[in-house]
Amino acid sequence: PEEIVMEGHVISVSGSRHLPGVGGDPVRNESIVQLTVAECSVHRIGCEGDIKASVYFDFSLPKKMEAAMDMCLIVFMLGVMLYCTFDLSRTLDTIVIHPLQRMLGMVRVMTSSILAEVSNFQEIEDDMDDGANEDADLQVSEIKLLEIVLQKLAKLSAIFMQQNVVDEAEMAAMSLEGRGVILDMMQLGTAFHDRASRPSLDSSPASTLKPEDTVSWKMTVHRTIVDSWALDLLKIEADDIDNVAAYIFFDSMIGQRAGRQFTSSVTLQHFLDAAKAGYTSQPYHCYIHAIDVLHTVYRLLSLSQSDQWVPEVAQYALLISAVAHDLGHFGRTNPFLVETKHELALRYNDKSPLENMHCATLFEICNQPCTDVFKGLGHDNYQKARKVCISAILHTDNAHHFEMVKDISRIYELAKAFCDVQACEHVLSYHYIEEVMQKNELTWLQLFLHLADVSNPLKPFRVCEPWAHRVLDEFFDQGDEEKRLGIPVGMLNDRDKICRPASQHGFINFLVAPLVFATVRIFQPFLPLADQMSDNLASWKHLWIDEANPPPEEIAKRDADIFRIQDDVRQLEERAATEMRLMRCEGPGSNKRVSLAIPSLMT
């Protein structure tokens, strides 16, 4: 405090007194605050004339406290920033980095698997070797790695999707010699050349039948039965079997369009007689089985509205293939022929010896004028029909089964949008015909014959059961011969170990079901076949329980398989309903539609 004299009295003024140069000055000048009075109310030393009184304040301590508070605030903010950074890093790791790392790991594994399957493509192998060196030397980033992998997958996709060496424009620009190499030496064509078309016949009609003429008038089975899945060829008279074939080839809707154009009823009957003589008396691979497959192929063609996307000559060829697909079969499998070095295995180099023999036998029969069901075709149509017959029959070899399932699944994934929309439509859309059906026409023809060949589990159980016992009788007969020859007995061929109902569960679950579900995803009208298959699986389970008295845990496994298949059927049913609701919400689409009145036989 400072004491001053005011009006004769000494007054003490509180406060810190500081005079410049007197005492210890603050270290920082900004800690000193000086307030100068305008005039001196009390005349005293230091406040005279031009010299005015000033009050000096020392803010060193408040400044220090302020600095300390600022430092604490900075430390606090740094702590908050560090915490937020850590939390953000952890969140990004959880949401982005770890999923991306897992995805990249899966991409690596999948790419390695794909490349292992296609290791015969030297260009891809070299490219991957280069990529591996890059990865090792440069330690590329995740994004760069993903880019490299996607580039390689794109190359693989381009190779697998390529169906022709050149397109139409490139072919037109080629020299005569270049076209000769492509078409003659390499036996390849352009996309335009292979595409499904409807060329006019280059020969005169083979049949003189009028539209109102009925060829199958002697058939005792009602047409509605033939135009359904209820037909049981094992229960009808032998003479009526040929009448069913005649109905399909001439009097059905497909027969009216295709069969009558290419052959006559007399020629077809001679062909059926020759085919009947070519089949042996095997329990399963017999003439009745051939006509049963013919009927199934006919139903598949009808339900898929094949007249919208398959040329008549291809429809006709597929029906002929169905009749001939097992010609000469003597109840032994391809692995048996290979194991025993059978003449057919030697002749066809172990590659589908039975199927090659069936094809050769078909065209040997057609070499005779009276049985030549192809004589009404011109040269171009004959070549198309022969291609369909050979390709479809060779693909009935079960060695191609899972490759076919993969091909169908690949097609569905590429055209999923078109297939899912079509699932709720009765009229085939333009894009579905163009992008799914016609683009893969030969694949569907192969599929129809193969599916028909293994379709017994898709028929009503009263039809399915006797055919299953017939095929097992053939297997057991082969197993007996394998035992006599001292060679390995096929897993389904030992009559002393195999339970018949149990074998059907495995056959349906592992072989038929994957093919059926892959097919129904593209052909929604085939859904009743999948539904019947699940019912048959349950029926076989009940027979298995009665015959084998299995433990509860085994029954639970079968129940799980049945539930899974039933659930797959439910999902396919719901797909159509979901797409229908979506279409109603979105309003009418802009796709061009093909007008088609659906005949009653397709219901």
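See above for the structure.
Residues numbered from 1 in each chain as written. Predicted model: local features only at pLDDT ≥ 70, side-chain atom pairs only at ≥ 80, totals over all residues. Heavy atoms only, no water.

Caption draft 1: Layout of the overall build of the protein. In terms of helices and strands, the protein carries 24 helices and 4 strands. Of the contacts formed within the protein by residues at least 6 apart in sequence, a portion of 72% connects residues at least 24 apart. Put simply, the protein shows about 33,200 Å² of open surface, and 58% of that area lies on carbon and sulfur atoms. (Helix = DSSP H or I, 4+ residues; strand = E, 2+ residues; numbered from the N terminus. Contact = heavy atoms within 4.5 Å. Areas by Shrake-Rupley, 256 points an atom, 1.4 Å probe, with all protein chains shown as cover.)

Caption draft 2: Spotlight on the layout of surface pockets. Its boundaries defined by the atoms lining it, the second largest pocket holds a volume of some 1,100 Å³. In terms of lining residues, the second largest pocket is bounded by 43 residues, among which Thr333, Asn334, Pro335, Asn398 and Phe475 are the most central. For the lining of the second largest pocket, the elements supplying multiple residues, two or more each, are α13 (334-339), α15 (353-365), α21 (461-485) and α22 (500-520). By residue number, the principal contributor to the lining of the second largest pocket is α21, which donates 9 residues. Grouping the constituent residues of the lining of the second largest pocket by class yields 20 nonpolar, 14 polar and 9 charged. (1 Å grid on protein atoms, 1.4 Å probe; cavity = no way out; pocket = protein on both sides within 12 Å on 5 of 7 lines; lining within 4 Å. Points joined across faces, edges and corners; volume = space filled by probe spheres on them. Nonpolar A, V, L, I, M, F, W, Y, C, P; charged D, E, K, R; others polar.)

Caption draft 3: Up close: helix α12 (residues 312-324). Between its terminal C-alpha atoms α12 stretches 19 Å, which fits the 18 Å expected from 13 residues at 1.5 Å a residue. Of all 13 residues in α12, 12 are buried; the element is thus mostly enclosed. For α12, the set of buried residues is Val313, Ala314, Gln315, Tyr316, Ala317, Leu318, Leu319, Ile320, Ser321, Ala322, Val323 and Ala324. (Expected span 1.5 Å × (residues − 1). Buried < 20%, exposed > 50% of the residue type's maximum accessible area, 1.4 Å probe, protein only.)

Caption draft 4: Local environment of the packing of aromatic side chains. Considering all chains together, one arrives at 15 aromatic pairs under this definition. An angle of 40 degrees between the planes, with centres 5.2 Å apart, marks the rings of Phe262 and Tyr316 as tilted. With a gap of 54 residues between them, Phe262 in helix α9 (residues 253-262) and Tyr316 in helix α12 connect regions that are remote in the sequence. On the basis of relative accessibility, which here comes to 1%, the residue Phe262 falls in the buried class. Seen from the ring of Phe336, Arg332 lies directly overhead, with NZ or CZ sitting 5.8 Å from the centre. Taking the ring centre of Phe363 as reference, the NZ or CZ of Arg386 above it sits at 4.5 Å. (Phe/Tyr/Trp six-rings, centres within 6.5 Å; stacked < 30°, edge-to-face > 60°. Lys NZ or Arg CZ within 6 Å of the ring centre and 35° of its normal.)

Caption draft 5: Geometry of the environment of Ile433. Within the element layout of this structure, Ile433 appears in helix α19 (residues 430-437). Each C-alpha atom of the pair Ile433 and Val310 lies 9.9 Å from the other, and the pair is 123 residues apart in sequence.

Caption draft 6: Fine view of a negative patch on the surface. Taken together, the side chains of Asp531, Asp535, Glu573 and Glu574 present a region of like negative charge at the surface. Contributions of two or more residues to the negative patch are made by α23 (527-548) and α24 (552-586). By the secondary structure assignment, Asp531 is in helix α23. Given the relative accessible area of 33%, Asp531 is considered partly exposed. (Patch = residues over 30% accessible without salt bridge, like charges linked within 9 Å, V, L, I, M, F, W, Y side chains within 5 Å. Salt bridge = Lys/Arg side-chain N within 4 Å of Asp/Glu carboxyl O. Lys, Arg positive; Asp, Glu negative; His and termini not counted. Charge placed at Lys NZ, Arg CZ, Asp CG, Glu CD.)

Caption draft 7: Representation of unusual backbone geometry within the structure. Positive phi values are uncommon outside glycine, yet Gln305 reaches one of about 55 degrees. Looking at the secondary structure, you find Gln305 in the loop between α11 (287-303) and α12. Classification of Gln305 by relative accessible area gives buried; the value is 6%. Backbone geometry at Ser352 places phi at a positive 45 degrees, although glycine is not the residue there. As for its placement among the helices and strands, Ser352 is situated in the loop between α14 (343-347) and α15.

Caption draft 8: Just the nonpolar core, in detail. Ranked by size, the top nonpolar core spans 105 residues in total, and within it Phe271, Leu362, Phe374, Trp444, Ile522 and Phe523 carry the most contacts. Look past the residues within four positions of Phe523 in its chain and what remains in contact with it is Ser304, Trp309, Tyr432, Met437, Trp444, Leu447 and Phe448. (Core = buried A, V, L, I, M, F, W, Y, C linked by side-chain atoms within 4.5 Å.)

Caption draft 9: Just the pattern of salt bridges, in detail. Scanning all chains against the criterion turns up 21 salt bridges. For the salt bridge of Arg332 with Glu481, the shortest nitrogen-to-oxygen distance reads 2.7 Å. On the criterion of sequence distance, the pair formed by Arg332 in the loop between α12 and α13 and Glu481 in helix α21 is long-range, its members being 149 residues apart. Residue classification places Glu481 among the partly exposed positions, given a relative accessible area of 21%. Notably, a salt bridge pairs Glu435 with Lys439, separated by 2.8 Å at the nearest N-O pair. Among the residues examined, Lys439 registers a relative accessible area of 45% and is labelled partly exposed. One continuous salt-bridge network, built from bridges that share partners, spans Asp232, Lys235 and Arg462.

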